[in-house]
Amino acid sequence: MPRRILLTGVAGGLVAAGAGPAVGLGRRRVLHVRPGDSVQAAVDAVAGSGRTIVVHPGTYREVVNVPVDAGELTLRGATGDPRDVVIVHDNANGTPKPDGSGTYGTAGSATFTSAAPGLTVRDLTLANDWLRADHPEITGTQAVAAYVTGDRSRFSRVRLLAHQDTLFVDTSALDAFDRQYFSHCYIEGDVDFVFGRATAVFADCHFHTLRRDVAFTPKGMVFAPSTARANPHGILAVRSRITSGAEDAAYKLARPWVPSYETTAWPSLVVRDSWIGPGIDPVAPYTNMRDAYPWQSMRFAEYRNTGPGSVITVPENRPQLTPTEADAHTPAAYLGDWRPVRPF
């Protein structure tokens, strides 16, 4: 049986228990992280592709950044229960950096960031517990749990917890069509909490809109895609469900995001074969982020959804795919030659 590796922080660098210095640690195929250790230190110790980091039960309050050269990395919780392993931090867009160089910005606020191709994350929780109520002086309230770029990124049985901008599904470049696959994940938030430019497939996932103590509606939106115009595939949610801790019809399903740095974006979202709860406004499930880019001009559509939030009362407000069109909006069509799970 291979020897398990315990990562410990010591003066002079990271070492493996009972082994040599960190230079040898990077050659290990499997690294173990336990409470008191650092997940980031384990990532930094990885040398080469195809490594695995196993995180044992505990709460790890830190920022984790997986670099582009850590290809084919697997980061997983040790027990298989995502509640047992929590990686959490509390930066927001408007949080000042300690060095006085400005604020973190939306992407920089993320608790977990990865640019590595072929990443796998499973069986753990990624969270950003920054709260607006605790920081009334900060107006940049986006606080990201995970910011993901890089092709073939896979998340399975992962909990993603935050409020505004929980999950940023992005690409490594404006002209890249990086693919991401989320299966059996739980994602909660309030404003635009699944957003970005990636080709992102959500299969058998649970989206939950949080209760929000504000007087206005809508209180938030689930999706805010910013798909590149040249990309035929944006965000796809299939066999999923959307629940809410807020009152009925308080949330919109989506609004399009056309960033100031990419005004040619043509946001794309398809929600199909999913259960939509009463928290989503069934009469007008979409809204604009800016009136210059109306949602009606975007690639928004649904297909065979059920639940009180999916009821079609004003047909022009709920574009529906035909069966023929639906054939082009499947996980296999979006992911192309990449098959993270078979069958779909």
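Residues numbered from 1 in each chain as written. Predicted model: local features only at pLDDT ≥ 70, side-chain atom pairs only at ≥ 80, totals over all residues. Heavy atoms only, no water.

Notes on the overall build of the chain
Then, number 1: Looking only at helices and strands, one finds five helices and 27 strands in the chain.
Then, number 2: Relative to a compact globule of 344 residues, whose C-alpha radius of gyration would be 20 Å, the chain shows 20 Å and is just as compact.
Then, number 3: Along the first, second and third principal axes, the C-alpha set of the chain runs to 65 × 50 × 35 Å.
Then, number 4: Once the 34 positive and 34 negative side-chain charges of the chain are each reduced to a mean point, those two points are 7 Å apart. (Helix = DSSP H or I, 4+ residues; strand = E, 2+ residues; numbered from the N terminus. Rg over C-alpha atoms; globule rule 2.2 N^0.38 Å. Lys, Arg positive; Asp, Glu negative; His and termini not counted. Charge placed at Lys NZ, Arg CZ, Asp CG, Glu CD.)

A look at the state of the cysteines
Then, number 1: Applying the stated criterion across every chain, the model contains zero disulfides.
Then, number 2: Take C185: it sits in no disulfide, and the sulfur closest to it among the cysteines is that of C205, at 4.6 Å.
Then, number 3: Classification of C185 by relative accessible area gives buried; the value is 3%. (Disulfide = S-S within 2.5 Å. Buried < 20%, exposed > 50% of the residue type's maximum accessible area, 1.4 Å probe, protein only.)

A word on the side chain of R159
Then, number 1: Looking at the element boundaries, R159 is found in strand β14 (residues 159-161).
Then, number 2: Comment: no salt bridge for buried R159; closest opposite-charge side chain is E188, at 6.3 Å. (Salt bridge = Lys/Arg side-chain N within 4 Å of Asp/Glu carboxyl O.)

Considering the sheet that holds strand β27 (residues 299-303)
Then, number 1: Taken together, the ten strands give an open sheet; going across it, the order is β3-β4-β7-β10-β13-β16-β19-β22-β25-β27, and neighbouring strands pair in parallel fashion. The open sheet has two free edges, formed respectively by β3 (30-33) and β27, since each of these has just one partner strand. Strand-to-strand twist in this sheet, taken as the mean axis angle between neighbours without regard to direction, amounts to 10°.
Then, number 2: Relative to strand β7 (residues 74-77), strand β4 (residues 52-55) runs parallel, the two sharing four bridges. Along β7, the bridge assignment pairs V54 with R76. (Pairing = 2+ DSSP bridges. Axes fitted to C-alpha atoms, helices over the stretch in contact; angles between N-to-C directions.)

Let's talk about unusual backbone geometry
Then, number 1: Here the residue pair T217 and P218 is connected by a cis peptide bond, since its omega of 0° sits within 30 degrees of zero.
Then, number 2: Mapped onto the secondary structure, P218 falls in the loop between β20 (206-209) and β21 (220-225).
Then, number 3: In this structure, D192 is a non-glycine residue whose phi angle is positive, near 50°.
Then, number 4: Mapped onto the elements, D192 comes out in the loop between β17 (186-189) and β18 (194-196).

As for the packing of aromatic side chains
Then, number 1: Per the stated rule, a full pass over the model turns up eleven aromatic pairs.
Then, number 2: Relative to F195, the ring of F168 has its centre 4.2 Å away and its plane inclined at 25°; by these criteria the two rings are stacked. Remark: F195 occurs in strand β18 and F168 occurs in strand β15 (residues 167-169); sequence separation between them is 27 residues.
Then, number 3: Note on F207 and F223: the rings are 5.1 Å apart at their centroids and 65° apart in plane angle, and the pair reads as edge-to-face. Separated by 16 residues along the polypeptide, F207 in strand β20 and F223 in strand β21 bring together distant segments of the chain.
Then, number 4: The buried category is assigned to F207, whose relative accessible area is 0%. (Phe/Tyr/Trp six-rings, centres within 6.5 Å; stacked < 30°, edge-to-face > 60°.)

Focus: the pattern of salt bridges
Then, number 1: Scanning the entire structure with this criterion turns up 16 salt bridges.
Then, number 2: For R122, the salt bridge identified is with D123, shortest N-O distance 3.0 Å.
Then, number 3: Where R304 meets D273, a salt bridge forms, and the shortest distance between an N and an O atom there is 2.8 Å. Of this pair, R304 sits in the loop between β27 and α4 (323-326) while D273 sits in the loop between β25 (268-272) and β26 (275-276), and the two are 31 residues apart along the sequence.
Then, number 4: D273 sits in the partly exposed class, given a relative accessible area of 23%.
Then, number 5: When salt bridges with common partners are traced through the structure, they connect R122, D123 and R157 into a single cluster.

Topic: the confidence of the model for the chain
Then, number 1: Chain-level pLDDT for the chain is 91 on average; 91% of the residues reach the 70-or-more range.
Then, number 2: Counting contacts from residues 1-24, a segment whose pLDDT is below 50, to residues more than four positions away or on other chains yields 44 contacts. (pLDDT = per-residue confidence, 0-100. Contact = heavy atoms within 4.5 Å.)

Brief notes about the nonpolar core
Then, number 1: I53, F112, F155, F202, F207 and F223 are the most contacted members of the largest nonpolar core, which has 60 residues in total.
Then, number 2: Among the elements that line this core, the one with the most residues is helix α2 (residues 39-45), at four residues.
Then, number 3: If near-sequence neighbours (up to four positions away) are discounted, F202 is found in contact with L167, V169, F182, I187, V194, F207, I235, L236, A237, V238 and S240.
Then, number 4: Among the nonpolar cores identified, the runner-up in size contains 13 residues, and V201, A203, A326 and W338 belong to it. (Core = buried A, V, L, I, M, F, W, Y, C linked by side-chain atoms within 4.5 Å.)

Some remarks on the sheet that holds β15
Then, number 1: With respect to topology, seven strands assemble into an open sheet ordered β6-β9-β12-β15-β18-β21-β24, the strand pairing being parallel. Two strands lie at the open edges of the sheet, namely β6 (64-66) and β24 (251-254), each paired on one side alone. Recorded for the sheet is a direction-independent mean angle of 15° between the axes of neighbouring strands.
Then, number 2: With three bridges joining them, strand β9 (residues 112-114) and strand β12 (residues 146-148) adopt parallel strand pairing. Each bridged residue has a counterpart across the sheet, and for F112 the counterpart in β12 is A146.

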